[in-house]
Amino acid sequence: MTESQKLFQRACKHIPGGVNSPVRAFRAVGGDPVYIKRGSGARIYDADDNEYIDFCGSWGPLALGHAHPDVVSAVISAAKDGLSFGACNPYEVEFAELISGLVPHAEMVRMVNSGTEAVMTALRLARGCTGRSRIVKFDGCYHGHADYLLVSAGSGLLTNSMPASLGVPESAVAEVISTPYNDVAALEDIFQKEGDTIAAVIVEPVAGNMGLVVPEPGFLEALRRLCSKHGALLVFDEVITGFRFHAGAYATLSGITPDITTFGKIAGGGMPLGAIAAGRQIMEQLAPLGQVYQAGTLSGNPVAAAAGIATLNALRRLNPYPAMAELADVFAGGINRFAVEKQLNVHCAAYKGIFTVFFTGRSPLRNLEEVKSCDTGTFAAFFRHMLKRGFYLSPSQFELNFISAAHTRAEIDSAAEAAIEFLADMPKMKD
Ligand SMILES: *Cc1c(COP(=O)(O)O)cnc(C)c1O
């Protein structure tokens, strides 16, 4: 038995399914999870000292790679002065100033401990500001595990084939409407019928939790137009996209300005941190200034804020983004050329440093319905092949893979080579 297997056996005795988050359990890809004891740059090492080139990157936060020296030393230095005060601290002020400086529409920032919490606060704020209750979301988008957002949600629910969750009462989801991504007509229809009851439309502006699905030209524009017309607030959930494509929000790149933005993942550089950002008028509705309550024992935590500050400053200084984008394109290009040549039911969707290898003949994939055409069994075999070759992908067909600043061209070339080795054994597509 390997060390990882021994750990997993112990874990299963005292942790449900052996894991603290369901997608880590490898149930969608088969086999037992590997236990990671150390990471450095683009590489991680398991309990049996196997080395992997990591494309999961803790599911997105590690844009700088593992254990970046700037981030580690910022965390150590903050920790030496105390882990939490439950009182105001200088780090949270610097963090808020930094976010405001990098994101023009983020005049004010409130810090929380996770992306889930950030979204919960953003939607309460939207409901509080509008006096309305309905929320519109998109099928396959994941916004954390709050009750009312587990409707047609992506990520782990999709991976584990769960339509929703037990324990979520009908009443909790009664005010949420889920509609297909990239479908402007469906959204127009909803607004026409119920426009004056909708508090907010929440969207992953580049969808990552059903695998990579990019917004079609005009989709985000339509969201903005419909929200403004009907007095609803537009919420960009940038928990993945924030600081992923440049040292700022995806909104800035898209030219669409949301009313409220949520951040997480990269913003905390690997520490538990989320944030809600918006214009002053909206943010001043939060307690203690306004009537929308929100709180947290560890919110604005100095160690987490220090990690976030160090991460964002390093990203700004190093600007690894063009190189990250190029590496994802190299990887995707290699796979896609081979797939076309051999007529295989596979393609790699890539966008600025993130990618998903989809096992389907359909391309591009525009929404959840189309994503569901993927062959998850072949993905599972592909995942296991890559793991054996020393490449740790996100363990699900319906997730993103992340290039970090630490990945090199040689690593990407070897990953593409290993992937093509698998594809070479795939049957040709049926016509
Ligand atoms: C990961 C994620 C969340 C939830 O963040 P947690 O920190 O896991 O609670 C919310 N929205 C999106 C788009 C995410 O990818």
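It should be emphasised that the depicted structure is a prediction, and the values quoted were computed from it without experimental measurement.

**Some points on the packing of helix α2 (residues 69–80) against helix α11 (residues 302–318)**
Thought 1: Interhelical geometry of α2 versus α11 gives an angle of 155° and a closest axis separation of 8 Å. It follows from the interaxial angle that α2 and α11 lie roughly antiparallel. Between α2 and α11 the crossing geometry is right-handed. In contact with Asp 70, Val 71, Ala 74, Val 75, Ala 78 and Ala 79 of α2, α11 contributes Pro 302, Val 303, Ala 306, Ala 307, Ala 310, Thr 311, Ala 314 and Arg 317.
Thought 2: Residue composition of the contact of α2 with α11, grouped by class: 11 nonpolar, 1 polar and 2 charged.

**Looking at helix α14 (residues 376–388)**
Thought 1: Helix length check: α14 (13 residues) gives 18 Å between terminal C-alpha atoms against 18 Å at 1.5 Å per residue, within 8%.
Thought 2: Listed in full, the buried residues belonging to α14 are Thr 378, Phe 379, Ala 380, Phe 382, Phe 383, His 385, Met 386 and Leu 387.
Thought 3: Buried residues belonging to α14 abut β3 (51–54), β12 (354–358), β13 (391–392) and α15 (409–423).
Thought 4: Where α14 begins, the side chain of Asp 375 points an oxygen toward the backbone nitrogen of Gly 377, at a separation of 3.0 Å.
Thought 5: Looking one or two residues beyond α14, the residue adopting positive phi is Gly 390, at roughly 95°.

**What about the domain arrangement of the protein?**
Thought 1: Parsing the protein into structural domains produces domain 1 (3–63 + 320–430) and domain 2 (69–317).
Thought 2: Computed from C-alpha atoms alone, the centre-to-centre distance between domain 1 and domain 2 is 25 Å.
Thought 3: Domain 1 puts 33 residues into the contact, and the matching count from domain 2 is 31 residues.
Thought 4: For the pair domain 1 and domain 2, the summed buried surface comes to about 2,700 Å²; carbon and sulfur atoms form 65% of the total.
Thought 5: Summed over the three residues of domain 1 that lose the most area to domain 2, namely Tyr 321, Arg 366 and Leu 368, the buried surface amounts to 25% of that side.
Thought 6: For Glu 216, the salt bridge identified is with Arg 366, shortest N-O distance 2.6 Å.
Thought 7: The interface formed by domain 1 and domain 2 holds 8 residue pairs in polar contact (both at pLDDT 80 or more) in total.
Thought 8: Elements with a contribution of two residues or more to the side of domain 1 that touches domain 2: α12 (321–342), β11 (347–351), β12 and α13 (368–371).
Thought 9: If one sorts the elements of the side of domain 1 that touches domain 2 by residue count, β12 sits on top with 4 residues.
Thought 10: Its residues assigned to classes, the side of domain 1 that touches domain 2 comprises 23 nonpolar, 5 polar and 5 charged.

Calculation criteria
- Residues numbered from 1 in each chain as written.
- Predicted model: local features only at pLDDT ≥ 70, side-chain atom pairs only at ≥ 80, totals over all residues.
- Heavy atoms only, no water.
- Axes fitted to C-alpha atoms, helices over the stretch in contact; angles between N-to-C directions.
- Helix = DSSP H or I, 4+ residues; strand = E, 2+ residues; numbered from the N terminus.
- Parallel < 35°, antiparallel > 145°, perpendicular 65-115°, else oblique.
- Left-handed = near helix turned anticlockwise from the far one by under 90°.
- Contact = heavy atoms within 4.5 Å.
- Nonpolar A, V, L, I, M, F, W, Y, C, P; charged D, E, K, R; others polar.
- Expected span 1.5 Å × (residues − 1).
- Buried < 20%, exposed > 50% of the residue type's maximum accessible area, 1.4 Å probe, protein only.
- Polar contact = N/O pair within 3.5 Å; in protein donor to acceptor, adjacent residues only side chain to side chain.
- Domains from an automatic or database assignment.
- Buried area = accessible area lost by both parts, 1.4 Å probe.
- Salt bridge = Lys/Arg side-chain N within 4 Å of Asp/Glu carboxyl O.

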